[in-house]
Amino acid sequence: MKKIAILGAGESGAGAAVLAKKEGYDVFVSDMSSIKDKYKQMLDSHGIEWEECHHSEDKILASEEIIKSPGIPNEAPIVKKAIEKGIHIISEIEFAGRYTHSKMICITGSNGKTTTTSLIYHIFKTAGYNVGLAGNIGRSLALQVAEEPHEYYIIELSSFQLDNMYDFRANIAILLNITPDHLDRYGNCMQNYVDSKMRIIQNQTSDDSFIYWNDDPIIKRELEKYDIKAIQYPFSELKEKGSIGYIEEGMYKLEEPTPFNMEQEELSLTGKHNIYNSLAAGLASNIAGIHKDYIRKSLSDFPGVEHRLERVATVRGVRYVNDSKATNVDACWYALESMDSPTVLIIGGKDKGNDYEEIRELVQKKCRALVFLGADNSKLHNFFDGMGIPIRDTHSMNDCVSACYELAQPGDTVLLSPCCASFDLFKNMEDRGDQFKSLVRSL
C-alpha cells in the first residue's frame, strides 16, 4: 500500500486525506497547529491517522508522496527535509485531478479571483449545471471528488496552489491580472511570482480555452515566451485588436464563441475592476455553452462577494464599506478608484513587500484621512506622513472604527481596504472584515 503524508489538516488537507483513503493509500495527516474539531471528526470517521501541534518526521519522511497545504512555505523545516530526500510534493488540487474527468474552470490572478470564481459558479448554478465550487473558496475539491462528484468544477487557484501542480489541466483557464503580491514567499523576486501565475496554462491542449486580460503588460510580455495551444479569448475594458470581450458604447459585448451583448448598466457589479471580472465570467460561461438568457440574468442579479467592496451600513450619513479581501496594493487601488465620495481609508496589517507608490495619487485625490491598523505601522508612517492628510495610528479594530467615526463627515465613505495580510492582529481576512462589520453596526 502506497504511503502518503498530508501536511496541514484544514479544508484542503482533510479533504485530500479522505480521497487518498478512498483510493487505497496508507494516509497520515500532520499539522503543526491545532486541528479544528470538524476536521478531526472527518478524519476519525474515515479511520485516518492524524496528529496536531507537531510533526513526526519518521512517519512523514517515510511517505512516497506528500500533499502540502498551500499555506505552508517551502522553507518550513519538514518541507525542506522532504525536498532533500526527493519526496514528491503536490497540492490537494493536483491530487484530486488524478481521480476525476470532470471539466475544470480555473481562475487565478493577483486580484478579482474570488469575485470572478463566485460569479461563474453563480451563472452555472442558475443555468442548472451540475457544478462544484472549490480551491481557495468552497469545499475541498478532493472531498467533492471523493464524496460528491460534479460534472464541472469552478476553482479559484492561488499562486501557492499552482506551485505544486504539475499534471493538472484546466479545460478553461482564466488569468485576470498579475501585480506584485506575496513577494515575501517568492524571494522578493517578481519574476518568480509571475512564473507561478503562468502555470495556469500548463498542460492545456487545443481542446481547451485560455481567457486573459489583454491590457495587462506583464501578461502580454509573458505570453510571448509560451507556445500556447489553447484557444485564446482576450478581454479588455475597451475594444482593442484581438479582444473577444469588451465594453463598447455602454454595451457589454462578447464576440466568441457565440455573439452576446447586454447593457453595461444592467451588470450587478460596478467599478472598473468588476468590468474585467464580468467579462472573464461571461466568456467562460459562453465557452461552456450556457444559454444567453442565463448569462444575462446572472450577470444582472449576482449579489457580490463578502469582504469585497461590501456595503456594511450608513451611520450619520457616512457609508461604511468592507473590502478586507484587499490584501495587496493593487486591490486597494481598484477600491479607491471606485470611490465617488471623500474617503477615510483604513490600511495596514502584515506587509508583504508592498510598494505604496501605486496608490499615492488616488490617496491624495480621494482620501479625507488615513487610519492605520496594524501591529507595526512604521512603514505606513514613513510613506504617508508627509502627504498632509490627517492620520490616526491604531492597533485594534475597536480603536480603528472609533477613529473613523471621529474623522468622517456626512457624505463620506469609510473604506476598509488594507493592502496587507491580516495575520498580525486577526485570525484571517474574514475575521478582520467581520470585526469591522460588527463594530460599525453597533455604532
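The structure we're discussing is the one just above.
This structure is a prediction, so every number in the text was calculated from the model and none was measured.

The rules behind each value
- Residues numbered from 1 in each chain as written.
- Predicted model: local features only at pLDDT ≥ 70, side-chain atom pairs only at ≥ 80, totals over all residues.
- Heavy atoms only, no water.
- Helix = DSSP H or I, 4+ residues; strand = E, 2+ residues; numbered from the N terminus.
- Rg over C-alpha atoms; globule rule 2.2 N^0.38 Å.
- Buried < 20%, exposed > 50% of the residue type's maximum accessible area, 1.4 Å probe, protein only.
- Contact = heavy atoms within 4.5 Å.
- Areas by Shrake-Rupley, 256 points an atom, 1.4 Å probe, with all protein chains shown as cover.
- Lys, Arg positive; Asp, Glu negative; His and termini not counted.
- Charge placed at Lys NZ, Arg CZ, Asp CG, Glu CD.
- Right-handed = clockwise from strand over helix to strand, strands pointing away.
- Pairing = 2+ DSSP bridges.
- Salt bridge = Lys/Arg side-chain N within 4 Å of Asp/Glu carboxyl O.
- Polar contact = N/O pair within 3.5 Å; in protein donor to acceptor, adjacent residues only side chain to side chain.
- Core = buried A, V, L, I, M, F, W, Y, C linked by side-chain atoms within 4.5 Å.
- Disulfide = S-S within 2.5 Å.

Draft legend 1. Structural context of the overall build of the protein. Assigned secondary structure in the protein consists of 17 helices and 20 strands. Taking 443 residues into account, the globule formula puts the C-alpha radius of gyration at 22 Å, and the protein, at 22 Å, falls close to it. With the C-alpha coordinates aligned to their principal axes, the bounding extent of the protein is approximately 65 × 50 × 40 Å. Out of the 443 residues belonging to the protein, those deemed buried represent 57%. Long-range pairs, those at least 24 residues apart, make up 65% of the contacts in the protein between residues at least 6 apart in sequence. For the protein, the accessible area works out to roughly 18400 Å², and carbon and sulfur atoms hold 47% of it. When the 49 basic and 65 acidic side-chain charges of the protein are each reduced to a single mean position, those positions are 1 Å apart.

Draft legend 2. Representation of the pairing of strand β18 (residues 367-373). The element β18 is extensively covered by neighbouring structure, given that 6 of its 7 residues are classed as buried. In this fold, strand β17 (residues 343-347) hands off to helix α14 (residues 357-366), which returns the chain to β18; that crossover is right-handed. Of the pairings in the sheet, the one linking β18 to strand β19 (residues 391-394) comprises 4 bridges and is parallel in character. Bridging across to β19, leucine 370 finds its partner in isoleucine 391. For the crossover from β18 across helix α15 (residues 378-384) to β19, the handedness is right-handed.

Draft legend 3. Spatial organisation of unusual backbone geometry. Following glutamate 256, the chain continues into proline 257 via a peptide bond in cis, with omega recorded as -5°. Its location among the elements puts proline 257 in the loop between β13 (251-254) and β14 (260-263). The backbone phi angle of asparagine 203 is positive, close to 75°, even though this residue is not glycine. For asparagine 203, the position within the fold is in the loop between α9 (190-198) and β10 (209-213). On the basis of relative accessible area, asparagine 203 is assigned to the partly exposed category, the value being 35%.

Draft legend 4. Geometry of the side chain of glutamate 92. Mapping glutamate 92 onto the fold places it in helix α5 (residues 92-97). Buried charged residue glutamate 92 carries no salt bridge. Nearest counter-charge: arginine 139, at 10 Å. One polar contact links glutamate 92 to serine 140, side chain to side chain, over a distance of 2.9 Å. Polar contacts involving the side chain of glutamate 92 include one to the main-chain amide nitrogen of alanine 142, which spans 2.8 Å.

Draft legend 5. Geometry of the nonpolar core. Counting 55 residues, the largest nonpolar core has Val27, Ile155 and Phe210 as its most contacted members. Residue contacts for valine 27: discarding those within four places in its chain leaves Ile4, Ile6, Ala17, Ala20, Lys21, Ile48 and Glu49. If you look at the next biggest cluster of nonpolar residues, it comprises 41 residues, including Ile123, Leu176, Ile290 and Val305.

Draft legend 6. Local environment of the state of the cysteines. A full pass over the atoms with the stated rule returns 0 disulfides. This cysteine, cysteine 332, is not joined by any disulfide, and cysteine 419 carries the nearest cysteine sulfur, 3.6 Å off. Since its relative accessible area comes to 0%, cysteine 332 is described here as buried. On the accessibility criterion, cysteine 419 (0% relative accessible area) is buried.

Draft legend 7. Structural detail: the pairing of strand β2 (residues 26-31). Along β2, 5 of the 6 residues are buried, which leaves the element largely enclosed by surrounding structure. Pairing analysis gives 5 bridges linking strand β1 (residues 3-7) to β2, with the strands arranged parallel. Bridging across to β2, isoleucine 6 finds its partner in valine 29. Read as a crossover between parallel neighbours, the route from β1 over helix α1 (residues 11-22) to β2 is right-handed. Across 4 bridges, the pairing between β2 and strand β3 (residues 49-52) is parallel. The partner of serine 30 across the bridge, within β3, is glutamate 51. One crossover worth recording links β2 to the parallel β3 by way of helix α2 (residues 37-45), and it is right-handed.

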